[in-house]
Amino acid sequence: LAHHAAVMDDPHKAAALLDLARLMLSEGRAPEALGYLELALTIVPDLDAKDDVRMLRAASLALLGRGGQAKDDLTHEGVEGTSDCILWKGLVAAQAGLWKNALGFFKAGAERLPAYPDALFRPIALAMIEAAIREHDVATARSTIEQLRERPDPAHLVQAALGYFDGQLAALGGRDEEAQAD
């Protein structure tokens, strides 16, 4: 796909670059997604007005921890209120430490989360669990932990976080000895 985009003429190159950006984002490779998106925008600046392009940029920026930059796209009229937007707003709020807001967004968009590829599901789910624990919403935390455990994790990317969260849930439940063991 990258080679195809490189050798295409300009009118078709932007569409191929957007496809590459979507692919990179689905694999959790936000810097690459943002790079391909920015290249596409240099070829066809009007793409910036498209809602799906704004959502793609917002998600990439949010994954990079650049929530302040993502907010413009997340509050754009055609993007705001979509289930995808709500989840990414949750991630941005969690990154800012606005746990109550984050949890509200996550719960509102929770129905959409299972459809996300693993590389996007993981960071959102981890932030959702953290927000739920900080807001003492044990049911949401446990449910999200269970969903996360059901996902393949061949590189063991979330094992330590799940141990930490198990301990935090034990502490919330008054099981201090169990919390210390986790």
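Above this text you will find the structure in question.
Residues numbered from 1 in each chain as written. Predicted model: local features only at pLDDT ≥ 70, side-chain atom pairs only at ≥ 80, totals over all residues. Heavy atoms only, no water.

Trainee: Would you mind going over the packing of aromatic side chains with me for this structure?
Mentor: Aromatic rings in a pair are described by how distant their centres are and how their planes are angled relative to each other. Per the stated rule, a full pass over the model turns up two aromatic pairs. Consider the rings of Tyr 164 and Phe 165, whose centres lie 5.4 Å apart with planes at 55°: the pair is tilted. The residue whose ring lies beneath Arg 151 is Phe 121, and the NZ or CZ to ring-centre distance is 3.9 Å. (Phe/Tyr/Trp six-rings, centres within 6.5 Å; stacked < 30°, edge-to-face > 60°. Lys NZ or Arg CZ within 6 Å of the ring centre and 35° of its normal.)

Trainee: What's the story with unusual backbone geometry in this structure? I'm lost.
Mentor: One can expect most non-glycine residues to show negative phi and most peptide bonds to be in trans. Here the phi dihedral of His 136 falls at roughly 60°; this positive angle occurs in a residue that is not glycine. By the secondary structure assignment, His 136 is in the loop between α8 (118-134) and α9 (138-150). Although it is not a glycine, His 156 adopts a positive phi angle of roughly 55°. Here His 156 lies in the loop between α9 and α10 (159-172). (Helix = DSSP H or I, 4+ residues; strand = E, 2+ residues; numbered from the N terminus.)

Trainee: Where do I start with the packing of helix α3 (residues 30-43) against helix α4 (residues 51-63) in this structure?
Mentor: Helix packing geometry: the angle between the two helix axes and the distance between the axes. Direction vectors running N to C along α3 and α4 enclose 145°, while the axes themselves pass 9 Å from each other. As α3 runs across α4, the sense of the crossing is left-handed. Across the interface between the two elements, Ala 30, Ala 33, Leu 34, Leu 37 and Leu 41 from α3 touch Val 53, Leu 56, Arg 57, Ser 60, Leu 61 and Leu 63 from α4. Broken down by class, the residue content of the contact of α3 with α4 amounts to nine nonpolar, one polar and one charged. (Axes fitted to C-alpha atoms, helices over the stretch in contact; angles between N-to-C directions. Left-handed = near helix turned anticlockwise from the far one by under 90°. Contact = heavy atoms within 4.5 Å. Nonpolar A, V, L, I, M, F, W, Y, C, P; charged D, E, K, R; others polar.)

Trainee: Sorry if this is basic, but what is going on with the pattern of salt bridges here?
Mentor: It is possible for side chains of opposite charge to pair when their charged atoms get near one another. Tallied over the entire structure, the rule returns 14 salt bridges. The residue Arg 54 makes a salt bridge to Asp 73 at a minimum N-O spacing of 2.8 Å. Note that Arg 54 is positioned in helix α4 and Asp 73 in helix α5 (residues 67-74), a separation of 19 residues in sequence. Residue Arg 54 is classed as buried on the basis of its relative accessible area of 15%. Residue Asp 73 is classed as buried on the basis of its relative accessible area of 3%. (Salt bridge = Lys/Arg side-chain N within 4 Å of Asp/Glu carboxyl O. Buried < 20%, exposed > 50% of the residue type's maximum accessible area, 1.4 Å probe, protein only.)

Trainee: It is not clear to me how α5 should be interpreted in this structure. Could you clarify?
Mentor: In an α-helix, one turn spans 3.6 residues, which is why side chains three or four residues apart end up on the same side. For α5, the set of buried residues is Gly 67, Ala 70, Asp 73 and Leu 74. Considered in projection along α5, the buried side chains sweep an arc of 105° and stay on one side of the axis. Of the residues in α5, the exposed ones pointing more than 90 degrees away from the buried face are Gly 68 and Asp 72. Tucked into the core, α5 has its buried residues touching α4 and α6 (83-95). (Arc of directions from axis to C-beta.)

Trainee: Honestly, the packing of α9 against α10 in this entry has me stumped. Any pointers?
Mentor: Contact geometry of α9 with α10 gives a least axis separation of 11 Å together with a crossing angle of 155°. On the basis of the axis angle, α9 is roughly antiparallel to α10. Handedness of the crossing formed by α9 with α10: left-handed. Seen from α9, the contacting residues are Val 138, Ala 141, Arg 142, Ile 145, Leu 148 and Arg 149; seen from α10, they are Leu 162, Phe 165, Asp 166, Leu 169 and Leu 172. (Parallel < 35°, antiparallel > 145°, perpendicular 65-115°, else oblique.)

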